[in-house]
Amino acid sequence: MRIDVVTIFPDYLAPMALSLPGKARQRGLLDLRVHDLREYTYDRHRTVDDTPYGGGAGMVMRPEPWGEALDGLLAAGSAGDAPAATPRLLVPTPSGRRFSQADAARLAGEPWLAFACGRYEGIDQRVIDWASERMPVEEVSLGDFVLNGGEVAALAVIEAVIRLLPGFMGNPESLAEESHGADGLLEYPVYTKPALWRDHEVPPILLSGDHGRIAAWRRQQAVERTTQRRPDLLADGD
Ligand SMILES: NCc1ccc(-c2ccccc2)nc1
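A quick note: this is a predicted structure, and the numbers were derived from the prediction, not measured.

(A) Representation of the site of the ligand. If you check the shell around the ligand, you find 16 residues, and the closest are Gly-118, Leu-142, Gly-143, Phe-145 and Leu-147. One of the side-chain N or O atoms of Ser-141 is found 3.4 Å from a nitrogen atom in the ligand. At 3.1 Å, a backbone N or O of Leu-142 approaches a nitrogen atom of the ligand. The residue makeup of the shell around the ligand, split by class, is 8 nonpolar, 7 polar and 1 charged.

This is the structure we're talking about:
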């Protein structure tokens, strides 16, 4: 998989050079390229933002640099220098569709993803509209909270996707029990040694060796947690 990230803070993507992503890149599983949006500006101050039409607080990211950055990706695609004709462009934004584990699984099947990391109040809408005429574009939200930019959200989406790539995780079984289990419930609580820690003991059932009762206990714990924390996951016919 190839992943391109366009951002005014390329260093935000430095964690991608660490540990698993770093090994995956060395093993050729992941081809990650980070592009500084300011490389596509030509004024002395390398300006990437300007005041919003219609007034309002804050600044908006100018379309020109984004257009040229995306032109670069499209050129790579049409020159055959990329695994597909165009990337699927993901734009992290609070106003996007909610990103889910199902989306991560779907995107893990893509050959080429690109992330447009906005800052300020966001990117001029015409960039999204223009890009949507030339490649698949998805505006994604990680939840109802606002960051200062799309980079942290892009890191989260990238990690959620690349950990699903075949050969990426050392222990693929660990993917079996996702935090949202196959039954759509939250994960049960987990414990390890020592059996007693600061007057807190491991639930005795887990030391019983009775795998049937352990499975039943774990399911009960998952149902209780989901009821308390995420009743929306229990909604009928969801
Ligand atoms: N839902 C997570 C998320 C994603 C992106 C942004 C964001 C903030 C400012 C500018 C551009 C993107 N904020 C929150």
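Now that the structure has been shown, the text picks up again.
(B) Main features of the UniProt feature "binding site: S-adenosyl-L-methionine" (unreviewed entry) in the protein. In the UniProt entry, the feature "binding site: S-adenosyl-L-methionine" (unreviewed entry) is given for Gly-118, Leu-142, Gly-143, Asp-144, Phe-145, Val-146 and Leu-147. Residue placement: Leu-142 occurs in the loop between strand S7 (137–141) and helix H5 (151–162). Ignoring anything within four residues of it in the chain, the contact list for Leu-142 reads Arg-98, Phe-99, Ala-153, Ala-156 and Val-157. Secondary-structure assignment places Val-146 in the loop between S7 and H5.

(C) Local environment of the packing of aromatic side chains. Under the definition given, this model contains 1 aromatic pair. With 6.0 Å between their ring centres and 55° between their planes, Phe-9 and Tyr-12 make a pair best called tilted.

Definitions and limits used
Residues numbered from 1 in each chain as written. Predicted model: local features only at pLDDT ≥ 70, side-chain atom pairs only at ≥ 80, totals over all residues. Heavy atoms only, no water. Near = heavy atom within 4 Å. Polar contact = N/O pair within 3.5 Å; in protein donor to acceptor, adjacent residues only side chain to side chain. Nonpolar A, V, L, I, M, F, W, Y, C, P; charged D, E, K, R; others polar. UniProt positions renumbered as here; feature names shortened; annotations may be inferred. Helix = DSSP H or I, 4+ residues; strand = E, 2+ residues; numbered from the N terminus. Contact = heavy atoms within 4.5 Å. Phe/Tyr/Trp six-rings, centres within 6.5 Å; stacked < 30°, edge-to-face > 60°.

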